[in-house]
Amino acid sequence: MSDLKKYGRINLHPGDSYRDEKRYWQGCPTIARSKGGILYAGWYTGGTREPSPFNCNIMVKSTDNGISWSDVFLAIESVPGDKIRAIDIQLWIDPDWKLWAFWTVRDDNFRNDDPQHLSVWAMVCDDPDAAELVWSEPRFISSGFLRCQPTVLSDGRILLFSYDWTNEYYCYSESCDGGVSWQRRQGGRKIATSFDEGMAVEKLDGSIWLLARSDKGAIAESYSFDGGKTWSDGKLTGLTAPSSRHFIKRLKSGNLLLVRNNSLPPHRTNMTAYLSDDDGKSWKWSLLIDADIHVSYPDAAFDGDGVIYLLHDHCRFHGKTIYISRLTEEDIKAGKCVDPDSYVKHIVSKPPYDPVDQEEYDKLAALDAQWRAENSKFNSKEV
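First, a word on what this report is: a plain description of the structure on this page. Keep in mind that what you see is a predicted model, and the values were worked out from it rather than measured.

## Here's the deal with the environment of Trp 97
- Its location among the elements puts Trp 97 in the loop between β6 (84-93) and β7 (99-107).
- When its relative accessible area of 36% is taken as the criterion, Trp 97 is described as partly exposed.
- Non-local contacts of Trp 97, meaning those with residues more than four positions away in its chain, are made with Arg 33, Ser 34, Lys 35, Asp 126 and Pro 128.

Next comes the structure, spelled out in structure tokens:
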């Protein structure tokens, strides 16, 4: 199989076929901010639902702090004829201010319980402030499924929590050379779940704290006290959450930011930003971002002054909305927006509720249904 078939197809000129009205569902957003202040957002769409052989990843950008957004300027597409699905884009700005676009490939030539079914690929833009982005050739990064930003440790190592749903342990990949090469690692035994979606922070005592998705009504955690050589087995925290992605990262101030759904399964509601000034022992302050139901997948980027740009989705198949919020720590401490430039739930993208071309939608839905019936034994898992 050629590399093209392995990672999908890179479309640098998406055109009219990627207009809002052509998108029948969308979700799982991600965001990054360049050194010069350009916001990049990406998410997962294509076909009439997830999963679909026509799934794809798209990117847009904003040069005015999230108020307005460009048309789709890049698409990472599946190749249905080769049974390759390119899904779940994850953006990241590395310590050298390079923009990474990671995505997960599901290879339907293998069953979803075969480790070869999942892999993570990436391409890198050295100058994300350029008028036209120049990307490296896509390359294989690791096995597994990536859904969260990497973690950079104080010694420069990068941890990429691309999880393996065929493994009973938390798995990740580690780079000691700035992302040039990656080595696969195994962590502690996980709380049983199909979608780990782990994200870690380095604590002030040097330990690594992994928070992972679970379907037990709370976020799970695992620790390493020796730089990743050994890990504790997973256990549940007191952080209530449905089975959904969360976000955690240390802010410029040294405080920790945690964003999660404050709700019990199966309801993904009450998207809330929390702030801790004691290294995660307690979360003294919170700001409710979205009390609606079917809100999920927070991801955040920061500017040099510590301003938080937070993305999340709402109701992937009906509301189809990608939201951005601009927050400061003072907003979270106040429990409301007090900074004059802050805002909550500004629309990045919201396609029409009903298909603009019903006949086109029906044809695509029939192809999706046929594919799902033919591949049910391969593709039962959805995020």
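This is not the end of the story, as more comes after the structure.
## Section: the sheet that holds strand β19 (residues 256-261)
- One open sheet accounts for four strands, arranged β18-β19-β20-β21; its pairing is antiparallel. Each edge of the open sheet is held by one strand with a lone partner, namely β18 (247-250) and β21 (285-293). With strand direction ignored, the average angle separating the axes of adjacent strands in the sheet is 10°.
- For strand β20 (residues 269-276) and β21, the ladder comprises six bridges, and the chain directions are antiparallel. Within the sheet, the bridge partner assigned to Leu 275 lies in β21 and is Trp 285.

## Topic: unusual backbone geometry
- The step from Glu 50 to Pro 51 runs through a cis peptide bond, and the omega angle for that step is -10°.
- In this structure, Pro 266 follows Pro 265 across a cis peptide bond, with omega equal to 5°.
- If you trace the backbone, Pro 266 turns up in the loop between β19 and β20.
- A positive phi angle, near 55°, is found at Lys 320, a position not held by glycine.
- Relative to the helices and strands, Lys 320 resides in the loop between β23 (308-314) and β24 (321-327).
- Since its relative accessible area comes to 2%, Lys 320 is described here as buried.

## Topic: the packing of aromatic side chains
- Scanning the entire structure with this criterion turns up 20 aromatic pairs.
- Relative to Trp 165, the ring of Phe 145 has its centre 5.8 Å away and its plane inclined at 50°; by these criteria the two rings are tilted. Pair noted here: Phe 145 is in the loop between β9 (139-143) and β10 (151-152) and Trp 165 is in the loop between β11 (158-160) and β12 (169-175), with a separation of 20 residues, a long-range link.
- The class for Phe 145 is buried, based on a relative accessible area of 0%.
- Lying over the aromatic face of Trp 285, Lys 333 brings its terminal NZ or CZ to 5.0 Å of the ring centre.

## Quick look at the nonpolar core
- The biggest cluster of nonpolar side chains holds 30 residues, and the ones touching the most others in it are Trp 209, Ile 248, Leu 257, Trp 283 and Ile 308.
- Aside from chain neighbours lying at most four places away, what touches Leu 257 is Phe 247, Ile 248, Lys 249, Leu 251, Ala 273, Tyr 274, Trp 283, Phe 302, Ile 308 and Ile 332.

## Concerning the sheet that holds β12
- Spatially, β10-β11-β12-β13 is the arrangement adopted by the four strands of the open sheet, whose pairing is antiparallel. A strand with exactly one partner marks an edge of an open sheet, and here the two such strands are β10 and β13 (183-189).
- Two strands pair when backbone bridges link them, and β12 and β13 are joined in this way by five bridges, in the antiparallel orientation. Residue pairing across strands places Tyr 172 opposite Arg 185, the latter belonging to β13.

## Focus on the pattern of salt bridges
- Per the stated rule, a full pass over the model turns up 24 salt bridges.
- Three or more residues joined by partner-sharing salt bridges are found here, namely Asp 155, Arg 157, Glu 174 and Arg 185.

## Let's talk about the side chain of Ser 276
- Mapping Ser 276 onto the fold places it in strand β20.
- Relative accessible area serves as the criterion here: at 1%, Ser 276 is assigned to the buried category.
- Polar contacts involving the side chain of Ser 276 include one to the side chain of Asp 278, which spans 2.7 Å.
- At a separation of 2.7 Å, a polar atom in the side chain of Ser 276 contacts the main-chain carbonyl oxygen of Ser 282.
- Residue contacts for Ser 276: discarding those within four places in its chain leaves Asn 255, Leu 256, Lys 281, Ser 282 and Trp 283.

Cut-off values and rules
- Residues numbered from 1 in each chain as written.
- Predicted model: local features only at pLDDT ≥ 70, side-chain atom pairs only at ≥ 80, totals over all residues.
- Heavy atoms only, no water.
- Helix = DSSP H or I, 4+ residues; strand = E, 2+ residues; numbered from the N terminus.
- Buried < 20%, exposed > 50% of the residue type's maximum accessible area, 1.4 Å probe, protein only.
- Contact = heavy atoms within 4.5 Å.
- Pairing = 2+ DSSP bridges.
- Axes fitted to C-alpha atoms, helices over the stretch in contact; angles between N-to-C directions.
- Phe/Tyr/Trp six-rings, centres within 6.5 Å; stacked < 30°, edge-to-face > 60°.
- Lys NZ or Arg CZ within 6 Å of the ring centre and 35° of its normal.
- Core = buried A, V, L, I, M, F, W, Y, C linked by side-chain atoms within 4.5 Å.
- Salt bridge = Lys/Arg side-chain N within 4 Å of Asp/Glu carboxyl O.
- Polar contact = N/O pair within 3.5 Å; in protein donor to acceptor, adjacent residues only side chain to side chain.

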